[in-house]
Amino acid sequence: ANLDGKRIVVVLDSWDRFSHYPKGHWTQILGDVGDRAVESKVILHEHGVITRDFGEAMLRCLPPADWSPGPEDLQGREDLRGWMVCSVDPPGCKDIDDAVSCE
């Protein structure tokens, strides 16, 4: 395969202590360098973000696409859906519950 100008995933097999260069092999071609979608894939891959599709069993657990919370769902809660909120939980955490917002 011609890999010039491609973003690829590489597995390092070994690195001799007397060599400047590791030995390895490529496992996946992500696409063309500079392509926005490909560069996004690279960032997600570098950070270990799982991007596979959800299975059918998981999708069946979701509410309908047109669902929105009713008054009973919002009772006792503050509605922050209009705010820009970012998680500040560390990578690998199990409970994503810490966030900040800036106005």
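Residues numbered from 1 in each chain as written. Predicted model: local features only at pLDDT ≥ 70, side-chain atom pairs only at ≥ 80, totals over all residues. Heavy atoms only, no water.

For the rest of this paragraph, the subject is the overall build of the protein. Summing up its helical and strand segments, the protein has 3 helices and 4 strands in all. Starting at the N terminus and walking to the C terminus, you meet the elements of the protein as β-β-α-α-α-β-β. Its C-alpha radius of gyration of 21 Å places the protein more than 25% over the 13 Å reference for a compact globule of 103 residues. Taken along its principal axes, the extent of the C-alpha atoms in the protein is 65 × 30 × 25 Å. Looking at the protein as a whole, 7% of its 103 residues are labelled buried. Partitioning the contacts of the protein with sequence separation of at least 6, the portion at a separation of at least 24 is 19%. Here the protein has roughly 9,700 Å² of accessible surface; of this, 55% comes from carbon and sulfur atoms. Each charge class in the protein can be summarised by its mean position, and for the 11 positive and 19 negative side chains these summaries are 9 Å apart. (Helix = DSSP H or I, 4+ residues; strand = E, 2+ residues; numbered from the N terminus. Rg over C-alpha atoms; globule rule 2.2 N^0.38 Å. Buried < 20%, exposed > 50% of the residue type's maximum accessible area, 1.4 Å probe, protein only. Contact = heavy atoms within 4.5 Å. Areas by Shrake-Rupley, 256 points an atom, 1.4 Å probe, with all protein chains shown as cover. Lys, Arg positive; Asp, Glu negative; His and termini not counted. Charge placed at Lys NZ, Arg CZ, Asp CG, Glu CD.)

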